[in-house]
Structures are given as C-alpha cells and as structure tokens.
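Chain by chain, the residues:
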Amino acid sequence: MDRTVFITGASSGIGRATAELLAEKGFRIIACGRREERLRALKEKWGEKIHVLCFDVRDKDGVFNAVAQLPPEFRAIDILINNAGNAHGMDPIDQGSLDDWDAMIDINVKGLLYVTKALLPSLLDGSNSHIINIGSTAGKEVYPKGNVYCASKFAVDAINQALRIDLNEHGIRVG
C-alpha cells in the first residue's frame, strides 16, 4: 500500500494503537507525539514503515517546521488523524485552574487547527484524502466538572462539521 497516514498523539493510547494497526496493514505512517523515547520505540519496531516527528501540537511554529522537514517519501499525506488531546483538572468552574483550561484549549482545539492547516496543502494535492478528528462523547453531552474539556470537545465537533463543508468541494472527506 502506498498511502501515507499522519497521526498526532501517536506515542500512546489510541494514537499508538492506530499507528501500529495501520502499519501492519501496509500504510506508511508519520507518527507524531511529544515523547521521543516512545516514538523511537515505535520506529524500532516498524522500521521504514514509520517516520516519527517529535513536537507538541500547541507549538504553532513547531508544527509547521516539523511538517516542512518531512522527507520526500512522506510528504504526500493521504490521511490525517488528529488524535492528540487531553483532559486536565476535574474542578467545578469556580475552582478551575487557568493553566488546565489553557492546556485543554491549546491542545484539543488550537493544536488540531495548527496540524490541519499545516497539512492542507498536501491533502488538497491528493485524491481521496481524509481527515479524521478524534473527539469524545464529551463533545455531545456535558457532565459535572467537565466544563472546559467538554467545551473543547464541542469545538472539535464544530470544527469537524465546518471542515466537512469547506473541504467538500475539494473531495476531502472529514469525519
């Protein structure tokens, strides 16, 4: 298979499992995350099928620099899986930590937007491109002490719907 998948948050959890499954199925993988040692272990296991990029999606310049430095054989991105995300704090709104709020909004919302924007030129050049944004049921239904996390995941759902509308004319599927 000669399709390339770019996965954020690939150093653990859903992102890592997705990277491994798709590598097993023959896809070329660009595994991105913050934990270099975990990414190296993934690279050691899968070899040439996986290219790793260590950056934090909150760092706008880091995102664009990492994408700009992709080797030629990994530049044509067919599928983007925006998986990086997190939940910080479980406090009622009046006791919430501003640092926790910033982290969730920066990673769950702005990080998703930075990575998508950085990869759009490649996705627009391809045919049959896909963007998959990993959300949460928290983006559909709120729960006690989930105030900002739920808001960030509602934003992911809204961005997903808007991307679908904006990119439909280019044949890019968004889900």
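Above this text you will find the structure in question.
The residue numbers shown here count from 1 along each chain, following its written sequence. The model is predicted, so local features are restricted to residues of pLDDT at least 70 and side-chain atom pairs to those at 80 or more, both for listing and for counting; the totals for chains, interfaces and linings are taken over all residues. Each side-chain value is derived from all of the structure's non-hydrogen atoms; neither hydrogens nor water enter the calculation.

1. Points about the nonpolar core
Defined as follows: Side-chain atoms within 4.5 Å link the members of a nonpolar core, which is a set of buried Ala, Val, Leu, Ile, Met, Phe, Trp, Tyr and Cys residues. Burial here depends on accessible area, computed with a 1.4 Å probe over protein chains only, as a share of the maximum for the residue type. Under 20% is buried, over 50% is exposed, and the range in between is partly exposed. In this description a helix means any DSSP run of H or I spanning at least four residues, a strand means any run of E spanning at least two, and both kinds are numbered starting from the N terminus. A contact between two residues is defined here by any heavy atoms of the two lying within 4.5 Å.
Membership of the largest hydrophobic core comes to 29 residues, with the highest contact counts inside it found for Phe6 and Phe55. Those elements that place two or more of their residues in this core are β2 (28-33), α3 (60-68), α4 (98-125) and α5 (147-167). No other element matches the 9 residues that α4 contributes to this core. In contact with Phe6, not counting residues within four places along its chain, are Ile30, Cys32, Leu53, Phe55, Val67, Leu70, Ile77, Ile79, Leu80, Ile81, Val115 and Leu119. Of all hydrophobic cores here, the second largest spans 15 residues; its members include Ile7, Leu22, Ala23 and Leu42.

2. Considering the pattern of salt bridges
Close approach of charged atoms allows side chains with opposite charge to pair. Operational definition: For salt bridges, the criterion is a side-chain nitrogen of Lys or Arg within 4 Å of an Asp or Glu carboxyl oxygen.
Scanning the model with the defined rule gives 5 salt bridges in all. Between Glu20 and Arg16 there is a salt bridge whose closest N-O contact spans 3.3 Å. With Glu20 and Arg16 both in helix α1 (residues 13-24) and 4 residues apart, the pair spans about one turn of that helix. On the basis of relative accessibility, which here comes to 15%, the residue Glu20 falls in the buried class. According to the relative accessible area criterion, Arg16 is partly exposed, its value standing at 22%. Its salt-bridge partner being Asp56, residue Arg58 comes within 2.8 Å of it at the nearest N-O pair. A relative accessible area of 35% means that Arg58 is categorised as partly exposed. Salt bridges sharing partners connect three or more residues here, namely Arg16, Glu20 and Lys45.

3. Examining the pairing of β2
Residues in a regular strand project their side chains so that they alternate between the two faces of the sheet. Under the convention used in this document: Two strands qualify as a pair provided that DSSP identifies no fewer than 2 bridges between them. Here is how to tell: hold the view so the strands point away, follow the path from the first strand over the helix to the second, and if it runs clockwise the crossover is right-handed.
Most of β2 sits out of view: 5 of its 6 residues are buried. Where strand β1 (residues 4-7) and β2 come together, 4 bridges link them in parallel fashion. Looking at the pairing, Val5 lines up with Ile29 of β2. In terms of handedness, the path from β1 via α1 over to β2 forms a crossover that is right-handed. Taken together, the 5 bridges between β2 and strand β3 (residues 50-54) define a ladder with parallel strand orientation. Residue pairing across strands places Ile30 opposite His51, the latter belonging to β3. For the segment spanning β2, helix α2 (residues 36-46) and β3, crossover handedness is right-handed.

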